[in-house]
Amino acid sequence: MNRILLAEDNDSLRELVQDYLAQNGFEVDAKADGLSAWEAFREKNYQLVLLDVMMPGMDGFELCRKIRERENVPILFLTARVQEEDQLRGYRLGADDYIMKPFSLPVLLAKCRAILARNNGTGDWLEMGGIRLSPGEHRLFAGEKPVELQALDFKLLLYFMRNPGRALSRDQILVKVWGYDYEGSERSVDTHVKNLRKALGRHGKYIRTVVKVGYVFEVNDTSADEKRGVL
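Residues numbered from 1 in each chain as written. Predicted model: local features only at pLDDT ≥ 70, side-chain atom pairs only at ≥ 80, totals over all residues. Heavy atoms only, no water.

### With respect to the environment of Gly129
Rules: Comment: elements are numbered from the N terminus, with helices defined as DSSP H or I runs of at least four residues and strands as E runs of at least two. When a residue's accessible area, from a 1.4 Å probe over protein chains only, is under 20% of the maximum for its type it is buried; when over 50% it is exposed; and in between it is partly exposed. The contact rule is simple, with two residues in contact once any of their heavy atoms fall within 4.5 Å.
One can find Gly129 in the loop between β6 (126–128) and β7 (131–134). The class for Gly129 is partly exposed, based on a relative accessible area of 30%. Linking Gly129 and Val189, residues 60 residues apart in sequence, is a C-alpha distance of 22 Å. Setting aside residues up to four positions removed in sequence, Gly129 forms contacts with His203, Tyr206 and Val219.

Have a look at this one:
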């Protein structure tokens with residue numbers, strides 16, 4: 001089931017959206033301010049984030065920026081602010097789309113499903129550096145060779161490929177791939193990365209170790225790797 005994070009300070013609208021999306025098959029965590037939404041995002045794995053712009057504590061723009069610093073989860077703004085400069089600001093910060101208030105719940109549902117379909121890809125493929133992965137079909141090719149992965153290793157590679165060039169800590173990977181309630185050692189990440197590198201063959205070099213941090217998935221070699229502590 002897809003999990004959605006909803007940040008909206010209007011109590012009535014928040015409850016209405018949460019109930020409607022839940023009735024249509026989504027798990028929704030609803031928060032009334034940006035700070036509590038940020039804490040929830042750090043603890044759980046979400047497939048879509050819905051953000052109000054004007055919220056107490058931390059506004060939607062700041063929350064969008066912080067989320068984008070960590071990963072590429074789709075972000076949809078729910079806003080009454082229609083100025084072009086506000087929309088452009090949101091897009092610059094990494095928002096995927098806007099929906100203007102007041103909106104109909106069926107339209108919101110359709111937009112959520114469309115964004116998730118693009119991101120999850122029932123028939124779409126992610127392709128980087130000769131690695132081709134279909135999330136919906138659970139298929140993977142390294143070059144022309146089909147690769148079979150355990151479910152957790154597949155999920156780990158998908159997380160890497162959706163966040164290329166981002167240094168991801170072991171703790172961050174555990175939360176987003178294993179789940180926030182995982183109680184095992186963070187060294188489990190190292191074991192699964194080792195398995196993943198082996199399964200990918202020569203393409204496994206794209207998963208690099210970031211000293212004292214974790215890992216980064218990066219296809220393009222750069223001369224600055226050593227300076228950045230990337231191996």
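### Remarks on the side chain of Asn45
Let me state the cut-off plainly: The term polar contact refers here to a pair of N or O atoms within 3.5 Å; inside protein, the definition further demands a hydrogen-donor-capable atom paired with an acceptor-capable atom, and it admits residues adjacent in sequence only when both atoms are side-chain atoms.
By the secondary structure assignment, Asn45 is in the loop between α2 (34–43) and β3 (48–52). Within the structure, the side chain of Asn45 is placed 2.9 Å from the backbone oxygen of Lys176, a separation counted as a polar contact.

### Points about the confidence of the model for the protein chain
In low-pLDDT regions, the fine details of the predicted coordinates are not to be read closely. Where we set the bar: Within a predicted model, pLDDT stands for the predictor's per-residue confidence, ranging from 0 to 100.
Per-chain confidence: the protein chain averages 85 in pLDDT, with 90% of residues scoring 70 or above. Contacts from residues 222–230, a stretch scored under 50 in pLDDT, to residues over four places away or in other chains number 13 contacts.

### Quick look at the sheet that holds strand β12 (residues 214–217)
Heads up, the condition is: Pairs of strands are assigned from DSSP output, requiring at least two bridges between the strands. What counts as an axis is a line fitted to C-alpha atoms, over the stretch in contact for a helix, and the angles between N-to-C directions run from 0 to 180 degrees.
Taken together, the three strands give an open sheet; going across it, the order is β10-β12-β11, and neighbouring strands pair in antiparallel fashion. The sheet is open, and its two borders are formed by β10 (168–169) and β11 (207–210), each paired with just one other strand. Each of β10, β11 and β12 touches helix α6 (residues 151–161); the most contacted strand, β12, lies at about 65 degrees to it.

### Observations concerning the pairing of strand β8 (residues 139–142)
Bridge count for β7 against β8 is four bridges, and the pairing is antiparallel. Note on β8: the bridge partner recorded for Arg132 is Phe141. A loop of four residues connects β7 with β8, the two strands running antiparallel in sequence, and His138 in this loop sits at a positive phi of about 55 degrees. Across two bridges, β8 lies against strand β9 (residues 145–146) in antiparallel orientation. Residue pairing for β9: Ala142 is matched across the bridge by Lys145. Two successive antiparallel strands, β8 and β9, enclose a turn made up of two residues, where Gly143 displays a positive phi of approximately 70 degrees.

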